[in-house]
Amino acid sequence: MPTVDLRVFHCASGDNAAGQHVLEETALGQRESMPVWIPGLLEVNALATPLERNLTYRLKQHELNLVLSFLTLTRDGKVSARITDLRAAARHIRGFVTESVGMGMLTAAVRYFYRWNGGHAHLKHFDTLPSHLAGRYRRLGVRPDLLFLDPAESGRRMAGEARARSTKPSPRSTPLKAQLQRLDEILGWSGQHAQHPVTMAWTCLGGAALSVDLFDVEHTHRAPRQPETAGTPGARSSQAPNWWFITAADDTSDPYRNRQMPSAGPLADFSVNASQEVDRLYETAPDGDDSQVLDGQRVRGDWVSADFLGRSTTRLFLGVLPREPSPPLETLLQERRTNEDFLFDPLQVDVFGRLIVAVSLDRRTPPPWPDVAARLT
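Below is a short write-up of the structure. Keep in mind the model is a prediction, meaning the values are calculated, not measured.

**Considerations on the sheet that holds strand S10 (residues 211–218)**
Here seven strands make up an open sheet; going across it, the order is S2-S1-S10-S9-S8-S7-S6 and the pairing mixed. Every other strand in the sheet has two partners, leaving strand S2 (21–35) and strand S6 (123–125) as the edge strands with one partner each. Along the sheet, successive strands turn relative to each other by an average axial angle of 25°, direction set aside. With three bridges joining them, S6 and strand S7 (residues 146–149) adopt antiparallel strand pairing. Its bridge partner being in S7, Lys 124 is matched across the sheet by Leu 147. Along the sheet face, helix H7 (residues 177–192) touches strand S1 (3–15), S2, strand S8 (157–165), strand S9 (198–204) and S10 and points at about 115° away from the line of S2.

**Structural notes on the sheet that holds strand S17 (residues 355–360)**
The strands making up a sheet associate through backbone hydrogen bonding, with each pair oriented either parallel or antiparallel. In space, the four strands of this open sheet follow the order S14-S15-S17-S16, with antiparallel pairing throughout. On the outer flanks of this sheet lie strand S14 (300–305) and strand S16 (347–352), each paired with one strand and no other. Each neighbouring strand pair of the sheet contributes to a mean axis angle of 15°, computed without reference to strand direction. In this fold helix H9 (residues 275–284) packs onto S14, strand S15 (315–320) and S17, with an angle of close to 115° to the strand it touches most, S15.

**Some thoughts on the pairing of S9**
Looking along a regular strand, one sees the side chains alternate between the two faces of the sheet. In terms of burial, S9 is a largely internal element, seven of the seven residues being buried. In S9, alternate side chains face the same way, and those of Val 198, Met 200, Trp 202 and Cys 204 on one face and Thr 199, Ala 201 and Thr 203 on the other are all buried. The handedness of the S8 to S9 crossover, carried by H7, is right-handed. Between S9 and S10, which pair antiparallel and follow one another directly, the connecting turn spans six residues.

**Considerations on the pattern of salt bridges**
Throughout the structure, instances matching the rule amount to 14 salt bridges. Between Arg 375 and Asp 345 there is a salt bridge, and its shortest N-O distance comes to 2.6 Å. Residue Arg 375 is located in the segment after helix H11 (369–374), and its partner Asp 345 is located in the loop between helix H10 (327–336) and S16; the two are separated by 30 residues in the primary sequence. Arg 375 gets classed as partly exposed once you look at its relative accessible area, which sits at 22%. Within the structure, one salt-bridge network assembled from shared partners comprises Glu 161, Arg 163, Arg 182 and Glu 185.

About the cut-offs
- Residues numbered from 1 in each chain as written.
- Predicted model: local features only at pLDDT ≥ 70, side-chain atom pairs only at ≥ 80, totals over all residues.
- Heavy atoms only, no water.
- Pairing = 2+ DSSP bridges.
- Helix = DSSP H or I, 4+ residues; strand = E, 2+ residues; numbered from the N terminus.
- Axes fitted to C-alpha atoms, helices over the stretch in contact; angles between N-to-C directions.
- Contact = heavy atoms within 4.5 Å.
- Buried < 20%, exposed > 50% of the residue type's maximum accessible area, 1.4 Å probe, protein only.
- Right-handed = clockwise from strand over helix to strand, strands pointing away.
- Salt bridge = Lys/Arg side-chain N within 4 Å of Asp/Glu carboxyl O.

As structure tokens, this is what we get:
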């Protein structure tokens, strides 16, 4: 089972004398090994589709494979970065890989700690919010990276900030100055949006394993969290929060839910899984094997080895469906994301909209398609 090192800082926030929403105190909670779903680590990058760019299947596959090639598994199952290669890479490549891993670890931490089991339709980037959400958030100034929506479609949501560095994790039991500064900035954004629920994941790639500091924020209008005790590695606390989304029922003065907030500036230069761009991926994808069928649809795509930086037994499959999965399959996939038994599987598969990402962790040849399909049905 692939894991990373996780530390959770519990944070209290409130308003200062000037009416600004700020961090009041932090306390280090549990330290544990966090299981990582490798397809989910690639999820945000898989869904990001640049606008006004003729994106083809091979280009998207190579981007995902580039991120995966800079990662490796230690003998004890820890996910680590090929840090020497990463630091030697060109600045733009180093930045792309580091940012992609940071986004992936934010998503992984939200799935693990907050028990979020949403799919691609419940994950939004603040640069490309759909119209029914975009007007409710300010577009200028500091803002988080990702918006996590409640898959139960209650209207609840939480914002997440991703930060990643190629440095070693801090040995201190208190947050770094840079972490506190960024968290204060995100809390300022939260205060401008009726104490919108926020979290931050700060990932360090320079240690023996990837290390994530998750900042779990409580707001003044929330009931205090019950104390948590450290669990066994890879086991979530039974008291892990389930209140993290906010709704109008929680706060009747919630402005980001009940009125349109001013927007400014054009959309950024990429969308998330835009249908026309995925059509282009499907058109340019290789046909693959005749057996590649899922949900009654022919899946295009093929396998590549994550060997850009040397020999590797890790393999990546990027598949593209002609249409969105059926509602029964979507429901099944959502239920699977809560089943931790799948984390122990050396063949990890998930579906994000029309995209299928499969990672085989220790195999010299690509798995046959029936093995992939069996994990999705």
